[in-house]
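# Architecture and fold: a report
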Amino acid sequence: MENVSVIIPVYNEESYIRQSMESVMSQTYKNLEIIVIDDGSTDKSIDICKELSQRDERIFIFSQKNAGVSVARNHGIDFATGEYIFFMDGDDAIHPFLIEYLVCQMKEYPVELAMCKCKKVANHQMENILNGTTDIVKSRCLTANPSKAEEWFHLTYPEELSSIGGKMLLRKFIGELRFDRKMIYGEDTLFLYHLICKGVSIVFFEMEWYFYRQHPNSTTHFESIKMDKRYFECTRIIRNKEYEKKQISFALYWEEWILKQMEKSFVLIKQNNKKKRCKDLRKIALVERKHPLFRKLKLRRRIQFQMCFFAYPLYKIQSQGIRNYFREQIKIYM
């Protein structure tokens, strides 16, 4: 029976880590090594993990100074000894049959990556979701050779292939590839993009068996990321590489995403009244307008982008609708 290395980076997850770990410990597939990488937690996360390790000898705990999730995952890959590597975040959970099913798919099809769908779950719903996961419902499996996998990544399933949680990979295929430690956002997507460029084959079964927990801490963290100028760095890298390869349809998808990310960032910066950051982002927007792909977008989309940075009141009216915009203005001045 093949060994599976489950890599779980943990940073201040004391409210969620027990539930997450127990969802791995209760997997029907037993030949696991559960690698916990503590990224310098300052709460009781590591104490909970140590307590659980007393119950399950498959749990191995490693600690590092706080260096980010990419470094933690990279250490996990380095420590892993299994034929397969499964990635999971410390605040998420998984269906009890997930790892067994992924291993079966990896053995049945000649692929290097197996995945399922992700289900977004509110924090208060996670317990009920996990308690109701006893049945197996038949679901179709889709496969993609390296050429088709490119299309999946850029056009067909870009959302499913943007995050590493719930993905199982052949360890020897990963090779020397590691997560980019400089990325503050999109490190998952960039890692998967590099796998696509290496010629990965994929099997995908359409069951929502990876449970992504939505909670206030993750939302707050994401809001702060969106105000950082590095928020759209990953998207820009992929856009540029696909443009250089003359894969225009793929590059245009990422060009559109860059504009959306820049707009989200600018709106948050305006709301937080960070004038210098607004000025900096306007300069970046001016450069973005000169990219050849920008001119390939529809005229309406280009106008919307420019309104965001250079005619913001009009942009808000356009995005919110006239009635909602003026309601908001009345609230501000009351």
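So, here's what we can say about the structure. On a predicted model such as this, the values are computed, not experimentally measured, just so you know. (Residues numbered from 1 in each chain as written. Predicted model: local features only at pLDDT ≥ 70, side-chain atom pairs only at ≥ 80, totals over all residues. Heavy atoms only, no water.)

### A look at the overall build of the chain
Which entries qualify depends on this criterion: Note on conventions: DSSP H or I runs of at least 4 residues are helices, E runs of at least 2 residues are strands, and numbering of each starts at the N terminus. Radius of gyration means the value over C-alpha atoms here, while the globule rule gives 2.2 Å times the residue count to the 0.38 power. Throughout, a contact is declared for two residues whenever any of their heavy atoms are within 4.5 Å.
Scanning the chain from terminus to terminus reveals 15 helices and nine strands. Whereas a compact globule of 334 residues would reach a radius of gyration of roughly 20 Å, the chain reaches 22 Å, a difference of no more than 12%. Taken along the three principal axes of its C-alpha coordinates, the chain extends 60 × 50 × 40 Å. A fraction of 80% describes how many contacts in the chain between residues 6 or more apart in sequence connect residues 24 or more apart.

### A short note on the side chain of glutamine 105
Definition in use: Remark: exposure states derive from per-residue accessible area (1.4 Å probe, protein chains only) relative to the maximum for the residue type, with buried under 20%, exposed over 50%, and partly exposed in between.
Structurally, glutamine 105 is set in helix α4 (residues 98-108). Using a relative accessible area of 5% as the deciding quantity, one classes glutamine 105 as buried. When sequence neighbours within four positions are dropped, the list of residues in contact with glutamine 105 reads Cys141 and Val203.

### Remarks on the nonpolar core
The condition is simple: To define a nonpolar core, start from buried Ala, Val, Leu, Ile, Met, Phe, Trp, Tyr and Cys residues and group those joined through side-chain atoms within 4.5 Å.
Ranked by internal contacts, the top residues of the largest apolar core, which has 72 residues, are Val4, Phe86 and Ile99. In terms of residues, this core owes the most to one element, strand β9 (residues 202-214), which gives seven residues. Residues in contact with isoleucine 99, not counting those within four places in the same chain, are Val4, Val6, Gln27, Tyr29, Leu32, Phe86, Ile94 and Met168.

### Digging into the pairing of strand β2 (residues 32-39)
On a regular strand, each side chain points to the face opposite its neighbour's, so the side chains alternate between the two faces of the sheet. Our working definition: Whether two strands pair comes down to DSSP finding at least two bridges between them. Here is how to tell: hold the view so the strands point away, follow the path from the first strand over the helix to the second, and if it runs clockwise the crossover is right-handed.
Burial runs high along β2: eight of the eight residues are buried. Alternating positions in β2 separate into two faces, Leu32, Ile34, Val36 and Asp38 on one and Glu33, Ile35, Ile37 and Asp39 on the other, with burial throughout. Bridging between strand β1 (residues 4-10) and β2 involves seven bridges; their strand directions are parallel. Its bridge partner being in β2, valine 6 is matched across the sheet by isoleucine 34. The β-α-β motif built from β1, the intervening helix α1 (residues 17-25) and the parallel element β2 has right-handed crossover chirality. In terms of handedness, the path from β2 via helix α2 (residues 45-55) over to strand β3 (residues 59-64) forms a crossover that is right-handed.

### Observations concerning the packing of helix α6 (residues 146-156) against helix α11 (residues 248-271)
Here is the rule we go by: Angles shown run from 0 to 180 degrees and are taken between the N-to-C directions of axes, each axis being a line fitted to C-alpha atoms and, for helices, limited to the stretch in contact. Two helices that cross are described as forming a left-handed crossing if the nearer one is turned anticlockwise from the farther one by less than a right angle, and a right-handed crossing if clockwise. In this classification, Asp, Glu, Lys and Arg are treated as charged, Ala, Val, Leu, Ile, Met, Phe, Trp, Tyr, Cys and Pro as nonpolar, and every other residue, Gly included, as polar.
Two elements in contact, α6 and α11, have axes separated by 9 Å at closest approach and are oriented at 35°. Crossing handedness for the pair α6 and α11: left-handed. For the pair α6 and α11, contact is made by Glu150, Glu151, Phe153, His154 and Leu155 and by Ser249, Phe250, Tyr253 and Trp254, respectively. Grouping the amino acids of the contact of α6 with α11 by side-chain chemistry returns five nonpolar, two polar and two charged.

### Thoughts on unusual backbone geometry
Positive phi outside glycine occurs at asparagine 12, with the angle close to 50°. Here asparagine 12 shows up in the loop between β1 and α1. According to the relative accessible area criterion, asparagine 12 is partly exposed, its value standing at 26%. Of note in this structure, asparagine 273 is not a glycine but carries a positive phi near 55°. Mapped onto the fold, asparagine 273 is located in the loop between α11 and α12 (275-288).

### Re the environment of lysine 182
Mapping lysine 182 onto the fold places it in the loop between α7 (171-174) and α8 (187-198). Residue lysine 182 is classed as exposed on the basis of its relative accessible area, which comes to 67%. In sequence terms lysine 182 and alanine 67 are 115 residues apart; their C-alpha atoms lie 10.0 Å from each other.

### Some words on the packing of helix α3 (residues 69-79) against α8
To keep things clear, this is the line we draw: Orientation labels follow simple angle bins: below 35 degrees gives roughly parallel, above 145 gives roughly antiparallel, 65 to 115 gives roughly perpendicular, and whatever is left gives oblique.
The interhelical angle for the contact between α3 and α8, taken along N-to-C directions, is 45°, at an axis separation of 10 Å. The orientation of α3 with respect to α8, classified from their angle, is oblique. Of the residues in α8, those in contact with Val69, Ser70, Arg73 and Ile77 of α3 are Glu187, Asp188 and Phe191. The residue makeup of the contact of α3 with α8, split by class, is three nonpolar, one polar and three charged.

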